[in-house]
Amino acid sequence: MGAAGEARRRIVVGISGASGAVYGVRLLHLLRRAGVESHLVVSRSAQVTLAQELDMGLDDLRPLADAFYPNADIGAAISSGSFRVDGMVIAPCSIKTLSEVATGCTGSLLSRAADVMLKERRRLVMMVRETPLHAGHIRSLAAVTDAGAIVYPPVPAFYARPATIEEMVDHTLGRVLDLFGIETGAVKRWEGIAEAMRTPD
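What counts as what
Residues numbered from 1 in each chain as written. Predicted model: local features only at pLDDT ≥ 70, side-chain atom pairs only at ≥ 80, totals over all residues. Heavy atoms only, no water. Phe/Tyr/Trp six-rings, centres within 6.5 Å; stacked < 30°, edge-to-face > 60°. Helix = DSSP H or I, 4+ residues; strand = E, 2+ residues; numbered from the N terminus. Buried < 20%, exposed > 50% of the residue type's maximum accessible area, 1.4 Å probe, protein only. Expected span 1.5 Å × (residues − 1). Contact = heavy atoms within 4.5 Å. Axes fitted to C-alpha atoms, helices over the stretch in contact; angles between N-to-C directions. Left-handed = near helix turned anticlockwise from the far one by under 90°. Nonpolar A, V, L, I, M, F, W, Y, C, P; charged D, E, K, R; others polar.

A. Local environment of the packing of aromatic side chains. Inspection of the entire model under this criterion finds one aromatic pair. For the pair Y159 and W190, a centre-to-centre distance of 5.4 Å together with 80° between the ring planes defines the contact as edge-to-face. One end of the pair, Y159, is in the loop between strand 6 (150-151) and helix 7 (165-178); the other, W190, is in the segment after helix 7, with 31 residues separating them in the sequence. Using a relative accessible area of 53% as the deciding quantity, one classes W190 as exposed.

Pasting the structure below:
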């Protein structure tokens, strides 16, 4: 419980099979550090990517979340709008997952949970990881945006001058969690250009 008996904040974390599994893993770390309860669902393709990119399996990942659900478990708590959460982040979000959410044809718990966020008017942030994009991708991006999702490609902020990949990843995720009002301490806030760097008129 939080202050004055308030319920602890909850975020659903989806990890799909796009490259960039580190975003989902670091997100779980940041949520735990911020005292936010995490509910995790991982696609089968994401398990392949986790092994390829991070040498991680589900046994390594599960302890990072407060609750874990198999992607085939369509009866899981997060598949219902009556289960109270603050929102969901799909990090990273594959084009397949994007397309399922865009069409409402949700064949897995991951896409069903995302669909629930939209129908319940809760925040859904989709860290779509694909390039280049063809017209069908762009239409799907527009469709989920029209439905209420926030499309947040994991584009690094070089003004923060990250010295490591971890700093780059954490800054991006800090900005994602800003959208939920969750402070992580991971964001180097822009305070304008220093006077010495300004170009004279």
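Now, onward.
B. Region of the structure containing helix 7. Its 14 residues give helix 7 an end-to-end C-alpha distance of 20 Å, which sits within 8% of 20 Å, the value for a rise of 1.5 Å per residue. By the burial criterion, the buried members of helix 7 are V169, D170, H171, T172, L173, G174, V176 and L177. Residues of helix 7 that are buried in the fold lie against helix 1 (21-33), strand 4 (87-93) and strand 5 (123-128).

C. Inspection of the packing of helix 1 against helix 7 at higher detail. One way to put it is that helix 1 packs onto helix 7 with a least axis distance of 10 Å and a crossing angle of 65°. Crossing handedness for the pair helix 1 and helix 7: right-handed. Contacts between helix 1 and helix 7 involve V22, Y23, R26, L27, L30 and L31 from the first element and E166, V169, D170, T172, L173 and L177 from the second. In terms of residue class, the contact of helix 1 with helix 7 is made up of eight nonpolar, one polar and three charged.

Spatial relationships are all this shows, so hold off on functional conclusions.
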